[in-house]
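Residue-level listing of the chains:
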Amino acid sequence: MSEVKLAAETRNEFGKGAARRIRRDNKVPGVLYGHGSDPVHLTLPGHELLLALRTPNVLIALDIDGKTNELAIPKSVQRDPIKGFLEHVDLQLVKRGETVTVEVPVQAEGELAPGGNLLEHVLSALPVEAEATHIPEQVVVSVAGLEAGASVLAKDIALPSGVKLAVEDDAVVLQVLAAQAEEPAAEGEGAGEEAAEA
């Protein structure tokens, strides 16, 4: 798992006006919390943070005011709904050796059995428990040759050493749906609408 170093500054200005000023300087307001300590309000470098957040569950080594070094993982990221820039980030304090519960993206690979079947991601991310410095970036699941009606359960997914499921073993992660045939128009509009929604 990659570790990204970021320089952060503590902040004592709050509210929308302060947040706007921070973002105008290409920085992002954030909060660091965890381990029963008081939340620490931070200002983080915008571009570097944006690059770091491209990796799911990235481990961030924070250099706070050049005095304190902390490890954190992103817990909540708020983006502008139109422009997509970062508005705010919540970071969870972690320690080396500590187990954390996170959601890891599920990546399907391989071709389904012929017949125009569709793959549904019931869970796009798999809840797992892992050591804070060894969180997998993703889990890869082979769907090669699966036919309509087939499912991949959480227990069927190979996890890296030291990573455990944080969801029921029989939770459906992926399932293969049969291709929907066109409904004849003579049967009424309702059937066609149901097929389109499915």
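Starting afresh in each chain, residues are numbered from 1 along the sequence in its written order. At least 70 in pLDDT is required for a residue's local features to be given in this predicted model, at least 80 for side-chain atom pairs to be given and counted, and no such filter applies to totals for whole chains, interfaces and linings, which use all residues. Calculation of side-chain values draws on the structure's entire complement of heavy atoms; hydrogens and water are dropped beforehand.

Comments concerning the overall build of the chain
Right, so step 1: Under the scheme used here, helices are H or I runs from DSSP no shorter than 4 residues and strands are E runs no shorter than 2 residues, and both carry numbers assigned from the N terminus. Tallying secondary structure elements over the chain gives three helices and 13 strands in all.
Right, so step 2: Under the scheme applied here, a residue whose accessible area is under 20% of the maximum for its type counts as buried, over 50% as exposed, and between as partly exposed, the area being computed with a 1.4 Å probe on protein chains only. Residue burial in the chain is summarised as follows: out of 198 residues, 35% are buried.
Right, so step 3: Within the chain, contacts between residues at least 6 apart in sequence are counted, and of these 63% link residues at least 24 apart.
Right, so step 4: The Shrake-Rupley method, run with a 1.4 Å probe sphere, supplies the accessible areas, and residue values consider only the shown protein chains as cover. For the chain, the accessible area works out to roughly 11700 Å², and carbon and sulfur atoms hold 48% of it. In this description, contact between two residues means that some pair of their heavy atoms is separated by no more than 4.5 Å.

Some thoughts on the sheet that holds strand β7 (residues 99–109)
Through backbone hydrogen bonds, the strands of a sheet pair up, either in parallel or in antiparallel fashion.
Right, so step 1: If you walk across this open sheet you meet the four strands as β10-β7-β9-β12, and the pairing is mixed. Of all the strands in the sheet, the pair left with one neighbour each is β10 (139–142) and β12 (164–165). Pairs of strands are assigned from DSSP output, requiring at least two bridges between the strands.

Structural notes on the pattern of salt bridges
Right, so step 1: The rule for a salt bridge is simple: a side-chain nitrogen of Lys or Arg has to be within 4 Å of a carboxyl oxygen of Asp or Glu. In the structure shown here, the tally under the stated rule is two salt bridges.
Right, so step 2: Among the salt bridges present, the one from Arg96 reaches Glu3, with a minimum N-O distance of 3.3 Å. Placement of the pair is Arg96 in the loop between β6 (86–94) and β7 and Glu3 in strand β1 (residues 3–10), with a sequence separation of 93 residues.
Right, so step 3: Residue Arg96 is classed as exposed on the basis of its relative accessible area of 54%.
Right, so step 4: Judged by relative accessible area, Glu3 falls into the partly exposed class, the value being 34%.

Quick word on the sheet that holds strand β8 (residues 118–121)
Right, so step 1: Taken together, three strands build an open sheet; the order of strands is β8-β13-β11 and the sheet is antiparallel. In the strand order of this sheet, the two ends are held by β8 and β11 (151–153), each with one partner. The average undirected angle you get between the axes of adjacent strands in this sheet is 15°.
Right, so step 2: The pairing of β8 with strand β13 (residues 172–177) spans four bridges and is classified as antiparallel. Bridge assignment links Glu120 to a residue of β13, and that residue is Gln175. Lines fitted to the C-alpha atoms define the axes, with helices restricted to the stretch that makes contact. Angles between their N-to-C directions range from 0 to 180 degrees.

Side note on the pairing of β6
Right, so step 1: Within β6, seven of the nine residues are buried, leaving the element largely enclosed by the surrounding structure.
Right, so step 2: Here strand β2 (residues 27–34) runs beside β6; their pairing, made up of four bridges, is parallel. Across the sheet, the residue bridging to Tyr33 is Gln92, located in β6.
Right, so step 3: Taken together, the eight bridges between strand β5 (residues 68–79) and β6 define a ladder with antiparallel strand orientation.

Structural notes on helix α1 (residues 16–24)
Right, so step 1: Within the span of α1, buried status applies to Ala18, Ala19 and Ile22. Mapping the buried residues of α1 onto a view down its axis gives an arc of 100°, with all of them on the same face. The exposed residues of α1 that point more than 90 degrees off its buried face are Lys16 and Arg24.
Right, so step 2: Where α1 is buried, its residues meet β2 and β3 (37–45). This arc describes the spread of directions from the helix axis toward the C-beta atoms.

Thoughts on the pairing of β13
Right, so step 1: Across three bridges, the pairing between β11 and β13 is antiparallel. Residue Val152 lies in a different strand from β13, and its bridge partner there is Leu174.

Let's talk about the side chain of Arg11
Right, so step 1: Inspection of the secondary structure assignment puts Arg11 in the loop between β1 and α1.
Right, so step 2: All tallies of charge rest on Lys and Arg as positive and Asp and Glu as negative; His and the ends of each chain are not included. Here Arg11 is buried and forms no salt bridge, its nearest opposite-charge partner Asp90 lying at an N-O distance of 7.3 Å.
Right, so step 3: A distance of 3.2 Å separates a polar side-chain atom of Arg11 from the backbone oxygen of Gly30. The term polar contact refers here to a pair of N or O atoms within 3.5 Å; inside protein, the definition further demands a hydrogen-donor-capable atom paired with an acceptor-capable atom, and it admits residues adjacent in sequence only when both atoms are side-chain atoms.

Quick word on the confidence of the model for the chain
Right, so step 1: Predicted confidence across the chain gives a mean pLDDT of 85, with 90% of residues reaching 70 or more.
Right, so step 2: For every residue, the predictor assigns a confidence score, pLDDT, that lies between 0 and 100. A low-confidence stretch, residues 190–198 (pLDDT under 50), is modelled with five contacts involving residues beyond four sequence positions or located in other chains.

Quick word on the environment of Asn117
Right, so step 1: Here Asn117 shows up in the loop between β7 and β8.
Right, so step 2: Given a relative accessible area of 17%, Asn117 falls into the buried group.
Right, so step 3: It is 6.3 Å that separates the C-alpha atoms of Asn117 and Ala148, two residues lying 31 residues apart in sequence.
Right, so step 4: Residue contacts for Asn117: discarding those within four places in its chain leaves Leu112, Glu147, Ala148, Val176, Leu177, Ala178 and Ala179.

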